[in-house]
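Residue strings, one per chain:
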Amino acid sequence: MTAQPTNLSGLDLRAEIDSTVAMYRALFQQAGLTLDLHLGDDLPARALLDAQRLRQCLSNLLSNALKHTRKGGATVCVRQDPMGMLSLIVTDTGAGISPAVQDAIFEPFQRGPGPVPGTGLGLSISRALARRMGGDLDLLPTATGARFRLTVALDRVEEGVSIPAPALPPREAKLDLGGRLILVVDDISTNRFVAATHLRLMGAAVAEAASGTEAVAEMQARRPDLVLLDMNMPDLNGIETLRLLRALPEGAKLPVVAMTADATEAHRRHYLEQGLDGYVAKPLSTASLAAALAPHLAAG
């Protein structure tokens, strides 16, 4: 297995993992669930890793656990394995994954069972990203719930060695959305919940719709300042919903931003060519969402 080039930076490993888990802990707590983090003593203080890809993989696993867990919660255990790899094991107390579909869950568009089947892309994307980082993503046997192991090649950074970080928006940069109303359209309630949490952290008021039809009704009831629109909904998909929104008198000039797990550059170009005003990839972060919304909402 050969690792592909990544945006490597000297990373405070514990702080990076802790901050990602902390954001999801608030979501778990609001759902009446627990989320525990255990960091091994053998973890280096700093490591050479692609922080963005690591966050995306861990966020996908935590989002998946939140979606499929009704009681109990999830645990994240992070350590350095005997081969020197970074190992993150995410275990939940949800419904689990039946043997009939275990071999297919990493295939693109494979939907899980139950009332919240998911997009069918998160696990496939996470495995691909893990392999680009010299590791892998596997489903491990467990008596209850689901248990995933994410591994990533781990290079320590010696004390005193300076590693230039990639050019990313500063974390302290914030977008003030006070007084703005954002309509979040997604058929999966957990996805709406995550997006709404990020938006409220920026001061926005949030309306939600679980389908294209509901989005049209919300638009007619009250005009939002921007719409965050999932692209992979059943019945009316994102493009079909966009056309209905644009046909409304108040929808012609309304900013509509694609919010999707279709995370390639080709997908981004395609959606912009279809008339979307912007694009943000799942899993969301406050920084990525702010960057996508700022061109439309930063001024006045």
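Our subject is the structure listed above.
Everything in this summary refers to the structure shown in the same document. Keep in mind the model is a prediction, meaning the values are calculated, not measured. (Residues numbered from 1 in each chain as written. Predicted model: local features only at pLDDT ≥ 70, side-chain atom pairs only at ≥ 80, totals over all residues. Heavy atoms only, no water.)

**A few points about helix α2 (residues 51–68)**
In plain terms, the rule: Secondary structure follows DSSP: runs of H or I at least 4 residues long count as helices, runs of E at least 2 residues long count as strands, and numbering of each begins at the N terminus. Multiply 1.5 Å by the residue count of a helix minus one, and that product is the helix's expected span. Side-chain atoms alone can form a polar contact between residues adjacent in sequence; in general such a contact is a pair of N or O atoms within 3.5 Å, and within protein one must be able to donate a hydrogen while the other accepts it.
Its 18 residues place the ends of α2 26 Å apart at the C-alpha level, agreeing with the 26 Å of an ideal helix rising 1.5 Å per residue. Capping the start of α2 is the job of one residue whose side-chain oxygen sits 3.1 Å from the backbone nitrogen of arginine 53: aspartate 50.

**Considerations on the packing of α2 against helix α3 (residues 122–132)**
Just so we agree on the cut-off: Axis definition: a line fit to C-alpha positions, over the contact stretch in the case of helices; interaxial angles, taken between N-to-C directions, run 0 to 180 degrees. Helix crossings get a hand from a simple test, with the near helix turned counterclockwise from the far one by less than a right angle marking a left-handed crossing and a clockwise turn marking a right-handed one. Two residues qualify as a contact provided that any one of their heavy atoms is within 4.5 Å of a heavy atom in the partner residue. In this count, Pro and Cys sit with the nonpolar residues alongside Ala, Val, Leu, Ile, Met, Phe, Trp and Tyr, while Asp, Glu, Lys and Arg are called charged and the others, Gly among them, polar.
Axis separation between α2 and α3 bottoms out at 9 Å; the angle between their running directions is 150°. Both α2 and α3 take part in a crossing whose hand is left-handed. For the pair α2 and α3, contact is made by Arg53, Gln56, Cys57, Asn60 and Leu61 and by Gly122, Leu123, Ile125, Ser126, Leu129, Ala130 and Arg132, respectively. The residue makeup of the contact of α2 with α3, split by class, is 6 nonpolar, 4 polar and 2 charged.

**A look at the packing of aromatic side chains**
Counted only if it meets this: For this analysis, a ring pair means two rings from Phe, Tyr or Trp (six-membered ring only for Trp) whose centres lie within 6.5 Å, classed as stacked if their planes differ by under 30 degrees, edge-to-face if by over 60, and tilted for the remaining angles. Summary of the burial criterion: residues with accessible area below 20% of their type's maximum are buried, those above 50% are exposed, and those between are partly exposed, where the area comes from a 1.4 Å probe applied to protein chains only.
Scanning the entire structure with this criterion turns up 1 aromatic pair. Pairing phenylalanine 106 with phenylalanine 148 gives two aromatic rings, centres 6.3 Å apart and planes at 90°, and the pair type is edge-to-face. Of this pair, phenylalanine 106 sits in the loop between β5 (86–92) and α3 while phenylalanine 148 sits in strand β7 (residues 147–152), placing them 42 residues apart in sequence. Residue phenylalanine 106 is classed as buried on the basis of its relative accessible area, which comes to 12%.

**Some remarks on the sheet that holds strand β12 (residues 256–260)**
Here is the rule: For two strands to pair, DSSP has to find at least two bridges joining them.
Sheet architecture is open: 5 strands sit in the order β10-β9-β11-β12-β13, paired in parallel fashion. In the strand order of this sheet, the two ends are held by β10 (205–209) and β13 (278–281), each with one partner. With strand direction ignored, the average angle separating the axes of adjacent strands in the sheet is 25°. Note that β12 and β13 share 4 bridges and pair parallel. Directly across from valine 257, in β13, lies its bridge partner glycine 278. Those strands touched by helix α4 (residues 189–201) are β9 (181–185), β10, β11 (226–230) and β12, and its axis lies near 165° from that of β10. Sitting on the sheet, helix α7 (residues 265–273) touches β12 and β13, and the angle it makes with β13 is about 150°.

Function cannot be inferred from these measures alone, as they are strictly geometric.
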